[in-house]
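Each chain is listed here by its residues.
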Amino acid sequence: MSKKLIANRLKDLAAAAEYKVWREVALELDRLEGADAWKQDETSDDYDYLLIRERLMLMRELRRKGNVRELSFHLAEGLHGNLANTSNPVLYGYARAGTKRLIEEYVDEAARCLDYICVGDFPDFSDDEKVLFFKRTGASFGRSALLLSGGATLGMFHLGVIKALWQHNLLPRVISGSSAGSIIAAMTCTRDDTQLPAMFDPGSINLAAFQRVSFVKVFKGSTLMDSGYLAACLNANIGDESFLQAFERTRRILGVTVSPAEMHQQPRLLNYLTAPHVLIKKAVQASCAIPGVFEPVMLEAHDFNGGTVPYMRSKLWVDGTLANDLPLLRLARLHNVNHYIVSQTNPHVVPFLQDNVRRSRGLHTLAGDLVKVAGRDVVKVAREHLSPYTAGRVVDKLNDILQQRYSGDVTVFPQQSPRDLMRMLANPSATDIANYIRDGERATWPKLDRIRMQTRISRAFEDCLQWLKTRAEERQLRALKPRLRAAPRTKLATGAAGLTPG
């Protein structure tokens, strides 16, 4: 009976049309398969449960006593990302939903303590001290980012990942994209929360980026696709904003990676700090410029007077995936990121990714490792024997691709079919986009509990700082109101005195 019931529930899990239903079935399967007992048992060799239990008891006790100064002292000293190895992927592979109850209680209590410090009124702990505490401890703890890979049309899968994260309030503020991923990242970061839902309507977005040129032009050395169609697509979906303008309007931090088309240049991560006035649509066009498919791109930017001018006029840029598909280190330096959620759709990467973290390293993983190591060795030999020009430059590009890291702390990826691969450079229909969104959502659902747990504390830091900032602004406004009401009368009186004959 149990095996038959489990089989039926697995079918229900595969057929679930929304996350609420999926999670209910997943929790029932955890009960039927014995994962509930594993969750309740706090002991494990996969993390330091003794340290987590000790920290949990200390936080609870200090919060109940209302000892805010001692509580903030211990939080500043003890809150660290992946404390006691609680982010170990294995801990999220035993159950279909959730992990050890002890870890969940610890994370919930840490977030509760941060909220308590933030909103509580304490005579001996001012708002200025609170802000200092949250800035310093938050900087130590770090934050999360979402990285969207390349993959041409396959990258429309990212829409479903974005939708699932946004609907459950888990979408990070820092979002980076390469190639196709840069299109979705830019569309997300140029829309505020009121505009974002329309992006998930397959009929509301223009993704007609691919239009082949004639064979005559290809024969004469032209690229395979007409870059004008790509530019029109980006203009329709992104508009004319610069990185800084989009950030100031939506408060989302967009990053777009581009690769150099010539020697003596380094790949760049463009954002509101490194290239504040560069036009997002041109950065995305460059990031999508697959060599041989689209033409290299000269970036454009706003000048001091708001006009549009070339940016680094003599330099051309191409597909960001070639040199920096996932700019992990750059994001860490610029935005204090130390936790990475990756949506990966590159067809040369996805076959070597595995989803089941409980599975021992077998032939699947071994094959991927052998291919990567062998490829690096071949490239190394080729670089030693080829000229640094012509063929040597191609080898350097190949080396860049092989040396990159293509996964994150949490990696979401699709099940790609031969049909999908054949249509990589074809414009998706509304039905295709709807299917990509559905696939992206469904691939994200099993990761939501893990993402929620691993980002809960960093999100609490951001929310608390924003709340304190808003309260400070409201207090300043209330303090100014009496003076604002008095200002016109003072001005009129001064004016009248000035008009009185002397």
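For every chain, the first residue of the written sequence is number 1, and numbering continues from 1 along that sequence. Selection of residues for local features in this predicted model requires a pLDDT of at least 70, selection of side-chain atom pairs for listing and counting requires 80 or more, and totals for whole chains, interfaces and linings are taken over all residues. Derived side-chain values reflect all non-hydrogen atoms in the structure, with water molecules and hydrogen atoms excluded from consideration.

### Some thoughts on the overall build of the chain
For the chain, the helix and strand inventory stands at 20 helices and 9 strands. Exposure is judged per residue with a 1.4 Å probe applied to protein chains only, and the accessible area is read against the type maximum: over 50% gives exposed, under 20% gives buried, and values in between give partly exposed. Within the span of the chain, comprising 502 residues, buried residues form 45% of the whole. Here the analysis covers contacts within the chain between residues at least 6 apart in sequence; of these, 77% occur between residues at least 24 apart. For the chain, the computed accessible surface area is about 25400 Å², with 55% contributed by carbon and sulfur atoms. Elements are defined by DSSP. Helices are runs of H or I of four residues or more, strands are runs of E of two residues or more, and each kind is numbered from the N terminus. Here, residues are in contact when the closest pair of their heavy atoms is within 4.5 Å. In this description, accessible areas are obtained by the Shrake-Rupley approach with a 1.4 Å probe, and a residue is regarded as covered only by the protein chains that are shown.

### Section: the pairing of strand β2 (residues 174-178)
The element β2 is extensively covered by neighbouring structure, given that 5 of its 5 residues are classed as buried. Side chains Val174, Ser176 and Ser178 project from β2 onto one buried face, and the interleaved Ile175 and Gly177 project onto a second face that is buried too. Looking at chain direction, strand β1 (residues 143-148) and β2 are connected through 4 bridges and run parallel. Note that in β2 the partner of leucine 146 across the bridge is isoleucine 175. Where β2 meets strand β3 (residues 253-260), 5 bridges bridge the pair, whose relative direction is parallel. Directly across from serine 176, in β3, lies its bridge partner glycine 255. Here a strand pair is declared whenever DSSP counts at least two bridges between the two strands.

### Describing the nonpolar core
Within the largest apolar cluster, 85 residues are counted, with the highest numbers of intra-cluster contacts made by Phe243 and Val284. To form a nonpolar core, buried Ala, Val, Leu, Ile, Met, Phe, Trp, Tyr and Cys residues must be joined to one another through side-chain atoms within 4.5 Å. Ranked by size, the runner-up nonpolar core spans 35 residues in total, among them Tyr92, Phe134, Ala460 and Leu468.

### Digging into unusual backbone geometry
Although it is not a glycine, serine 179 adopts a positive phi angle of roughly 55 degrees. The topology assignment puts serine 179 in the loop between β2 and α9 (180-189). Judged by relative accessible area, which is 4%, serine 179 ranks as buried. Positioned with a positive phi, arginine 251 is a non-glycine residue whose angle comes to about 65 degrees. Relative to the elements of secondary structure, arginine 251 occurs in the loop between α12 (243-250) and β3.

### Topic: empty space enclosed by the protein
Taking a probe equal in size to a water molecule and rolling it over the atoms shows the remaining empty space. Buriedness for pockets is judged along seven lines, at least five of which must meet protein on both sides within 12 Å for an open set on the 1 Å grid over protein atoms alone, while cavities are sets there where a 1.4 Å probe fits but cannot get out, and lining residues have an atom within 4 Å of a point. Grid points are joined across faces, edges and corners, and a volume is the space filled by probe spheres set on the points. Throughout the structure, instances matching the rule amount to 3 cavities of 30 Å³ or more. Computed from the structure, the second largest cavity encloses a volume of approximately 80 Å³. Lining of the second largest cavity is provided by Arg55, Leu58, Met59, Leu62, His74, Leu75, Gly78, Leu79, Leu83 and Tyr106. The set of elements that each furnish at least two residues to the lining of the second largest cavity consists of α4 (49-65) and α5 (68-78). For the lining of the second largest cavity, the element with the highest residue contribution is α4, accounting for 4 residues. Classes in brief: Ala, Val, Leu, Ile, Met, Phe, Trp, Tyr, Cys and Pro nonpolar; Asp, Glu, Lys and Arg charged; the others, Gly included, polar. Counted by class, the lining of the second largest cavity contains 7 nonpolar, 2 polar and 1 charged residues.

### Brief notes about helix α6 (residues 101-119)
With 19 residues, α6 extends 27 Å from end C-alpha to end C-alpha; this agrees with the ideal 27 Å at 1.5 Å per step. Listed as buried for α6 are Leu102, Ile103, Glu104, Tyr106, Val107, Glu109, Ala110, Ala111, Cys113, Leu114, Ile117 and Cys118. Between the first and last residue of a helix there are one fewer steps than residues, each counted as 1.5 Å, and that sum is the expected span.

### Section: the layout of surface pockets
Empty space within the second largest pocket amounts to approximately 1300 Å³. Along its surface, the second largest pocket is lined by 42 residues, and Arg143, Arg173, Glu462, Asp463 and Gln466 are the ones closest to its centre. A breakdown of the residues in the lining of the second largest pocket according to their chemical character gives 17 nonpolar, 10 polar and 15 charged.

### Focus on the side chain of glutamate 104
Tracing the sequence through the fold places glutamate 104 in helix α6. Pairing of N or O atoms within 3.5 Å defines a polar contact, subject to two protein rules: one partner must be a possible hydrogen donor and the other a possible acceptor, and residues neighboring in sequence count only if both atoms are side-chain atoms. At a separation of 3.1 Å, a polar atom in the side chain of glutamate 104 contacts the main-chain amide nitrogen of threonine 99.

### Concerning the pattern of salt bridges
Whenever Lys or Arg places a side-chain nitrogen within 4 Å of a carboxyl oxygen from Asp or Glu, that contact is recorded as a salt bridge. Throughout the structure, instances matching the rule amount to 29 salt bridges. Here lysine 39 ties to aspartate 30 by a salt bridge, and the two come within 3.0 Å at their closest N and O atoms. Each member of the pair, lysine 39 as well as aspartate 30, is classed as buried. Between arginine 423 and aspartate 432 there is a salt bridge, with its nearest N and O atoms 2.8 Å apart. Bridged by salt links that share partners, the residues Asp121, Asp127, Lys130, Arg471 and Arg475 form one connected network.

### What about helix α2 (residues 19-33)?
Across its 15 residues, α2 extends 20 Å between first and last C-alpha, which sits within 8% of the 21 Å expected from 1.5 Å per residue. What α2 keeps buried is the set Tyr19, Trp22, Val25, Ala26, Leu29, Asp30 and Leu32. Looking straight down α2, one finds that the buried residues subtend no more than 165 degrees of arc, so they occupy a single side. Of the residues one or two after α2, glycine 34 is the one with positive phi, at around 95 degrees. Here the arc refers to the set of directions running from the helix axis out to each C-beta atom.

### So, the pairing of β1
With respect to burial, β1 is a largely interior element, 6 of its 6 residues being buried. On β1, burial covers both faces: Arg143, Ala145 and Leu147 on one face and Ser144, Leu146 and Leu148 on the other are all buried. Note: β1 against strand β8 (residues 337-343), 6 bridges, orientation parallel. Its bridge partner lying in β8, serine 144 is registered against histidine 339. Orient the strands so they point away from the viewer, and a crossover whose first-strand-to-second-strand path over the helix runs clockwise is right-handed. What joins β1 to β2 is helix α8 (residues 157-167), and the crossover it makes is right-handed.

### Focus: the packing of aromatic side chains
Centres within 6.5 Å are what make two rings of Phe, Tyr or Trp a pair, Trp counting through its six-membered ring; a difference in plane orientation under 30 degrees is then read as stacked, over 60 as edge-to-face, and the rest as tilted. Under the defined criterion, the tally for this structure stands at 10 aromatic pairs. Ring geometry for tyrosine 116 versus phenylalanine 122: centroids 5.3 Å apart, planes at 70 degrees, classification edge-to-face. The class for phenylalanine 122 is buried, based on a relative accessible area of 16%. On the basis of an interplanar angle of 40 degrees and a centroid distance of 6.0 Å, the ring pair of phenylalanine 141 and phenylalanine 461 is categorised as tilted. Highlighted residues: phenylalanine 141 in helix α7 (residues 127-141) and phenylalanine 461 in helix α20 (residues 448-499), separated in sequence by 320 residues.

### Points about the packing of α5 against α7
Each axis is a line fitted through C-alpha atoms, and for a helix only the stretch in contact is used; angles between axes span 0 to 180 degrees, taken between their N-to-C directions. Two elements in contact, α5 and α7, have axes separated by 10 Å at closest approach and are oriented at 15 degrees. Here α5 lies roughly parallel to α7, going by the angle between them. As for the relative orientation of α5 and α7, their crossing is left-handed in sense. From α5, Arg69, Ser72, Leu75 and Ala76 reach across to α7, where they touch Glu129, Phe133 and Thr137. Looking at the contact of α5 with α7 residue by residue, the class counts come to 3 nonpolar, 2 polar and 2 charged. Note that the term roughly parallel is reserved for angles under 35 degrees, roughly antiparallel for angles over 145, roughly perpendicular for angles of 65 to 115, and oblique for everything else. In this scheme the crossing of two helices becomes right-handed for a clockwise turn of the near helix relative to the far one and left-handed for an anticlockwise turn of less than a right angle.

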